[in-house]
Amino acid sequence: MTGYLVRRLPSALIVLWLASVLIFLLIRAIPGDAAAVLAGADAPPEAVAAIRAELGLDRPVGSQYLHWVGGLLSGDLGRSFLIGGDIAGLVADGLANTATLTLAALLLAALTALVLGPVWAATRNPWVDRLLTGFHTASVALPTFVTGVVLILVFGVFFRLLPTGGVPPAGLLDRVDITAQYLVLPAVCLALPVAGVLTGFLAETLRGELRQDYVTTVRAAGVRDREVVVRHALRGALPVAVTALGLQTGALLGGAVLVESIFSWPGLGMLVEQGITRRDYPVVQALLMLSVTVFVLVQLLTDVAHAALDPRVRLGGRR
Amino acid sequence: MSALTRGRGLVGLVLVGVVAVAGLVGPLLVSWDPYQQIPDANLLGPSAAHPLGTDDLNRDVLSRLLSGIRVDLLISLTAVPVGALIGCAIGALATFSSALDVAVQRFFDVLLAFPQLILAVGLAAVIGPGTTSVMIVITVVEIPVFGRLLRSAVLRVREAQFVTAAEVIGGGRTHVLRTHVLPNSLEPLVVQLALSMSVAVFIEGAMSVLGIGVSPPDPSLGAVLTTSLRYLDLNPLFALGPLAVTAVLVLGFQLVAQAANAARG
């Protein structure tokens with residue numbers, strides 16, 4: 001286990017390091033002088049110079065990079081140009097909302113796949129198969145902004161059943177039932193594409209497992225269909241599904257930006273949106289790095305989980 | 001290619017075709033200009049003159065929607081092939097030497113370490129909003145996707161016996177790569193092209209929703225949808241046009257990709 005983690009860690013760290021260089025250079029490549037823009041059109045040169053010194057823009061690029069990365073490693077994400085304040089503080093404000101939304105969506109997607117995947121793989125009913133094929137195609141293809149707007153129209157405009165924007169006024173932790181009402185539409189919207197991909201993936205892997213010799217043996221021994229799928233084939237298919245789940249975090253992180261915007265969910269996605277539209281580059285830079293870090297770490301963790309579930313992967317290097 | 005003349009492949013082609021024809025011919029049939037601001041026609045509901053109503057700036061929604069299809073098709077049909085070509089070129093380059101391969105793989109690793117939409121947002125932050133930005137973003141997002149795909153296909157085909165045979169009878173490295181390996185490595189790209197077209201429509205719409213898309217007052221599927229979002233309570237039907245067209249288009253591309261994938265076996 002630890003051995004596998006140690007083998008995989010260096011490449012993850014290299015990717016993170018290269019990503020940090022790329023993000024830093026990208027933001028530096030923006031045309032125009034950030035300090036001059038911030039100071040305003042007719043600011044005296046001294047004011048511009050003061051701002052430049054405050055932002056550290058007068059130092060060599062290499063030293064700026066080291067300063068930024070050093071800050072990141074010690075939890076200092078820098079200061080916002082325009083929104084104001086410490087970026088770490090801004091991130092802390094939005095983090096709980098985004099984490100709640102993303103985890104709810106992840107849970108929903110995983111549960112959907114765990115139920116629908118085995119049903120789809122094992123069904124002999126052509127109508128169930130058609131229904132699930134339709135669900136899979138639609139959920140994978142339809143963009144979150146399309147399903148999101150349809151959800152708002154159906155549940156918020158035509159039938160006024162659920163709140164379509166924002167978070168509970170009294171906070172997420174005040175009353176669970178009210179929070180659930182606010183959470184359900186954005187979470188379903190964010191979960192749908194991930195649920196579709198995972199369901200399709202799990203069903204396909206399960207179909208492969210069901211063709212294996214060991215399944216024939218188990219069946220020949222008289223084990224019932226349901227038990228064959230749930231107890232035996234699912235165990236073989238799960239490690240691969242876990243890896244697929246890791247890759248889907250990317251869709252969740254990107255989707256969260258959109259879903260938060262559509263449902264006015266005040267999280268990190270809205271902070272990103274503000275950062276871009278107001279050209280607050282330190283904020284964009286910090287959040288890009290944050291999302292890459294989360295994405296790479298989750299993939300690393302799911303790889304490790306894959307190895308823990310499947311000894312062939314764990315021992316692969318020693319064959 | 002027979003997979004595209006029956007079953008879900010055919011359905012997909014028809015869906016994409018209907019939207020494409022609507023975008024190409026439609027603007028000629030509508031009497032309103034997509035930029036024209038019509039006096040006394042603010043946020044009207046559907047009527048005979050304006051089947052989908054008018055928007056907040058008194059413009060005919062149907063005409064903007066049909067012209068928006070053109071913009072989306074133009075963006076996808078430019079950005080996706082360019083991204084695919086650059087990606088394939090880099091991917092093919094990687095198969096020349098192992099040192100190059102390591103460098104290229106790392107480059108793709110880094111690009112793929114960004115969730116697609118996050119990469120789009122980051123790039124747009126640097127190059128600013130606008131139609132060109134949308135194209136550049138889609139191109140960059142597609143580069144590692146196609147690069148990876150072509151690289152692994154080339155590596156797989158290179159092990160095939162007919163390639164060894166071509167090498168044995170004295171074919172040079174570039175010759176074998178060009179006449180034997182590359183043509184046989186292109187198959188998986190067809191599936192990816194269809195998928196990438198739907199990703200392009202998605203990214204265009206997403207960037208519009210986030211306020212960094214096609215530059216106003218130009219119409220696009222995403223731009224029309226984004227405007228309609230502000231008036232869902234006032235005129236819920238406003239949103240239905242862009243929603244339906246976007247859904248039909250991406251579903252069509254998805255079905256074509258599925259059919260092409262199934263045909264590969």
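Residues numbered from 1 in each chain as written. Chains lettered and ligands numbered in written order. Predicted model: local features only at pLDDT ≥ 70, side-chain atom pairs only at ≥ 80, totals over all residues.

Once that is clear, we can look at the overall build of chain A. The secondary structure content of chain A amounts to 13 helices and zero strands. Along the chain direction, N to C, the helices and strands of chain A fall in the order α-α-α-α-α-α-α-α-α-α-α-α-α. The contacts of chain A with a sequence gap of at least 6 include a subset with a gap of at least 24, amounting to 71%. (Helix = DSSP H or I, 4+ residues; strand = E, 2+ residues; numbered from the N terminus. Contact = placed C-beta atoms within 7 Å.)

A separate point is the overall build of chain B. From N to C terminus, chain B includes 10 helices and zero strands. Mapped in sequence order, the helices and strands of chain B form the string α-α-α-α-α-α-α-α-α-α. Judged by the C-alpha coordinates and their principal axes, chain B covers about 75 × 45 × 25 Å. Here the analysis covers contacts within chain B between residues at least 6 apart in sequence; of these, 69% occur between residues at least 24 apart.

Before going further, it helps to examine the packing of helix α5 (residues 87-122) of chain A against helix α8 (residues 176-210) of chain A. At a minimum axis separation of 6 Å, α5 of chain A and α8 of chain A run at an interaxial angle of 35°. Seen from above, α5 of chain A lies across α8 of chain A with right-handed handedness. (Axes fitted to C-alpha atoms, helices over the stretch in contact; angles between N-to-C directions. Left-handed = near helix turned anticlockwise from the far one by under 90°.)

Attention now moves to the interface of chain A and chain B. Taken residue by residue, the interface counts 39 residues in chain A and 36 residues in chain B. Those elements that provide at least two residues to the side of chain A that touches chain B are α1 (2-28), α6 (126-141), α7 (144-158), α10 (225-262), α11 (268-277) and α12 (281-309) of chain A. Of all the elements, α10 of chain A adds the most residues to the side of chain A that touches chain B, at eight residues. Among the residues making up the side of chain A that touches chain B, the classes are represented as 32 nonpolar, six polar and one charged. (Nonpolar A, V, L, I, M, F, W, Y, C, P; charged D, E, K, R; others polar.)

A turn of α-helix holds 3.6 residues, and therefore any two residues three or four places apart point the same way. All names here are of chain B. Relative to the 33 Å expected for 23 residues at 1.5 Å per residue, helix α8 (residues 187-209) spans 34 Å between its end C-alpha atoms, a close match to the ideal helical length. In terms of residue burial, α8 counts as a mostly covered element, since 17 of its 23 residues are buried. In the stretch just after α8, Gly211 is the one whose phi turns positive, near 80°. (Expected span 1.5 Å × (residues − 1). Buried ≥ 20, exposed ≤ 12 C-beta atoms within 10 Å, placed from the backbone.)

Once that is clear, we can look at the confidence of the model for chain B. Scored by pLDDT, chain B has a mean of 89; 99% of the residues are at 70 or more. On the interface metric, ipTM, the complex scores 0.89, and its pTM is 0.90. (pLDDT = per-residue confidence, 0-100.)

Once that is clear, we can look at unusual backbone geometry. Look at the link from Pro216 of chain B to Pro217 of chain B: it is a cis peptide, with omega at 10°. Positionally, Pro217 of chain B belongs in the loop between α8 and α9 (221-229).

Time to look at the nonpolar core. Counting residues in hydrophobic clusters, the biggest one holds 152 residues, and the most contacted among them are Leu198 of chain A together with Ala120, Val121, Val137, Ile138 and Ile203 of chain B. If one sorts the elements of this core by residue count, α8 of chain A sits on top with 17 residues. Not counting residues within four places of it along the chain, the set of residues in contact with Ile138 of chain B comprises Ile75, Ala79, Val80, Gly83, Ala200 and Ile203 of chain B. (Core = buried A, V, L, I, M, F, W, Y, C linked by C-beta atoms within 7 Å.)

Helix length check: helix α5 (residues 131-158) of chain B, at 28 residues, gives a terminal C-alpha distance of 40 Å against a target of 40 Å (1.5 Å per residue), a fit within 8%. Considering bend angle alone, the principal kink of α5 of chain B is centred on Glu142 of chain B and spans about 30°; proline Pro144 of chain B follows within four residues of it. (Bend = angle between axes of the 7 residues up to and from the residue.)

Residue and element names in this part refer to chain A. Within the secondary structure, Cys189 sits in helix α8. In this structure Cys189 comes out as buried when scored by C-beta crowding, with 25 C-beta atoms within 10 Å. For the pair formed by Cys189 and Gly94, sequence separation is 95 residues and the distance between their alpha carbons is 19 Å. Setting aside residues no more than four positions away along its own chain, Cys189 makes contact with Thr144, Thr147, Gly148, Leu151 and Val259.

With that settled, consider the environment of Arg70 of chain B. Residue and element names in this part refer to chain B. The topology assignment puts Arg70 in helix α2 (residues 61-94). Taking the number of C-beta atoms within 10 Å as the measure of exposure, Arg70 has 18 and is therefore partly exposed. Between the C-alpha atoms of Arg70 and Val19, which are 51 residues apart in sequence, the distance is 9.5 Å. Every residue in contact with Arg70, bar those within four places of it in the chain, is listed here: Gly23 and Pro27.

Parts of the model with low pLDDT should not have their predicted coordinates read in detail. Summing up the model confidence of chain A, the mean pLDDT is 86 and the portion of residues at 70 or higher is 97%. Within chain A, α6 of chain A carries the highest mean pLDDT (94), whereas helix α2 (residues 34-39) of chain A carries the lowest (71).

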